[in-house]
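Summary of structural features
The residues making up each chain are set out below.
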Amino acid sequence: MSEPIAGTVIDCLEFARIGGVLVRSVGLDELPRLADQLTTTAGVLSVRVEGWRDAEGKSWLQMDIAGEPVLRCQRCLDGVKFALGIKSRLQLIAPGEEWPDEDLVDDSTDAVNAEKELAVLSLIEDEVLLALPIAPRHEQCDSPLANASGQGSSPFAALAALKAKQSFR
Ligand SMILES: [Zn+2]
């Protein structure tokens, strides 16, 4: 149906000029920079990239990325689902064009170089990495490892508790 996202390259400004739309399913296993933070690379993200030019002649890319990657809980190291819902708007800055004043740009938009050969997959990966929590955690951990430490504090606390027990023998 649709060609794979890997290797898909767009000319940003041209993509915006023609009002291009790209809709893809991206496997989590296609995003190697995410691998460290996931307990599984099974699953997909739905991605939609749309380009357009506004009335002022500015070029834009809208990136919509949704999915539910399973991140590694920093407390019990078990998987914790994270609902990803990225809607980010990127202003494409052509070579020689003036960059927007940071103070005037609202938080929902960002400015990027309008590359002639933009690797879409890499841009998607950037956006996802930015959106992931720094230290993902279950609201309440219920894995055996977390329970062993009493309050589910950390595997190291569990280890310390275990050592303390042994020294009483
Ligand atoms: Zn946990």
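The sections below set out a description of the structure shown in this document. (Residues numbered from 1 in each chain as written. Predicted model: local features only at pLDDT ≥ 70, side-chain atom pairs only at ≥ 80, totals over all residues.)

Before going further, it helps to spend a moment on the sheet that holds strand β7 (residues 84-93). Strand order in the open sheet made by the five strands is β2-β3-β4-β7-β8, with mixed pairing throughout. The sheet terminates laterally at β2 (21-27) and β8 (109-113), the two strands that pair on one side only. Across the sheet, the mean angle from the axis of one strand to that of its neighbour is 25 degrees, orientation sign disregarded. Pairing of strand β4 (residues 59-67) with β7, which is carried by nine bridges, proceeds in the antiparallel orientation. Directly across from tryptophan 60, in β7, lies its bridge partner glutamine 91. The strands touched by helix α2 (residues 120-131) within the sheet are β2, β3 (44-53), β4 and β7, with β7 carrying the most contacts at an inclination of about 125 degrees. (Pairing = 2+ DSSP bridges. Helix = DSSP H or I, 4+ residues; strand = E, 2+ residues; numbered from the N terminus. Axes fitted to C-alpha atoms, helices over the stretch in contact; angles between N-to-C directions. Contact = placed C-beta atoms within 7 Å.)

Among the nonpolar cores identified, the biggest contains 29 residues, and Cys12, Leu61, Leu92, Val120 and Ile124 are the most heavily contacted of them. Looking at this core, the elements that each hand over two or more residues are α1 (12-17), β3, β4, β7 and α2. Other than its neighbours up to four places away in sequence, leucine 61 contacts Cys12, Ala16, Val49, Gly51, Leu90 and Leu92. (Core = buried A, V, L, I, M, F, W, Y, C linked by C-beta atoms within 7 Å. Buried ≥ 20, exposed ≤ 12 C-beta atoms within 10 Å, placed from the backbone.)

Here we take up the pairing of β4. With eight bridges joining them, β3 and β4 adopt antiparallel strand pairing. Of the residues in β4, the one forming a bridge with tryptophan 52 is tryptophan 60. What sits between the antiparallel neighbours β3 and β4 is a turn of five residues, in which glycine 57 has the positive phi angle 85 degrees.

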